[in-house]
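# Residue-level structure breakdown
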Amino acid sequence: MLHPSYSDLMKVVNSEVEPGEEKIVNSRYSIVMATAKRARQIIAGHEPMVRVKPGEKPLSVAVEELNEAKIKILSDEEE
């Protein structure tokens, strides 16, 4: 099982959305795409924004960055 869960990550990402506004992330697919994109950036040499444990994979780092709100998923309007 993935820790944190998809639903936990969606809560973190949508935490800044005001009541009544459209959520930034509505599906697992959006979480997967965002973390995969960030993992590719880390592989390409971008500096991780969280402490990395020895042997930790880029995808795990990306998930932790998202969970700690170090990275932000932009809505379609913000891109």
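If you're wondering where the values come from, they're calculated on a predicted model, not measured in any experiment. (Residues numbered from 1 in each chain as written. Predicted model: local features only at pLDDT ≥ 70, side-chain atom pairs only at ≥ 80, totals over all residues. Heavy atoms only, no water.)

Attention shifts here to the packing of helix H1 (residues 6-13) against helix H3 (residues 58-67). For the pair H1 and H3, interaxial distance at closest approach is 9 Å and the crossing angle is 50°. Classed by the angle they form, the pair H1 and H3 counts as oblique. The residues of H3 that touch H1, namely those facing Leu9, Val12 and Val13, are Val63, Leu66 and Asn67. (Axes fitted to C-alpha atoms, helices over the stretch in contact; angles between N-to-C directions. Helix = DSSP H or I, 4+ residues; strand = E, 2+ residues; numbered from the N terminus. Parallel < 35°, antiparallel > 145°, perpendicular 65-115°, else oblique. Contact = heavy atoms within 4.5 Å.)

Averaged over all residues, the pLDDT of the protein chain is 87; the fraction at 70 or higher stands at 91%. Across the protein chain, element-level confidence peaks in H3 with a mean pLDDT of 94 and bottoms out in H1 with 87. (pLDDT = per-residue confidence, 0-100.)

Looking now at helix H2 (residues 28-43). The end-to-end C-alpha separation of H2 is 22 Å, in line with the 22 Å expected for 16 residues at 1.5 Å each. For H2, every residue scored as buried is listed here: Ile31, Ala34, Thr35, Arg38, Ala39 and Ile42. Down the axis of H2, the buried set is contained in an arc of 135°. They therefore lie on one face. With respect to the buried face of H2, the exposed residues turned more than 90 degrees away are Tyr29, Lys37 and Ile43. Those residues of H2 that are buried lie in contact with H1 and H3. (Expected span 1.5 Å × (residues − 1). Buried < 20%, exposed > 50% of the residue type's maximum accessible area, 1.4 Å probe, protein only. Arc of directions from axis to C-beta.)

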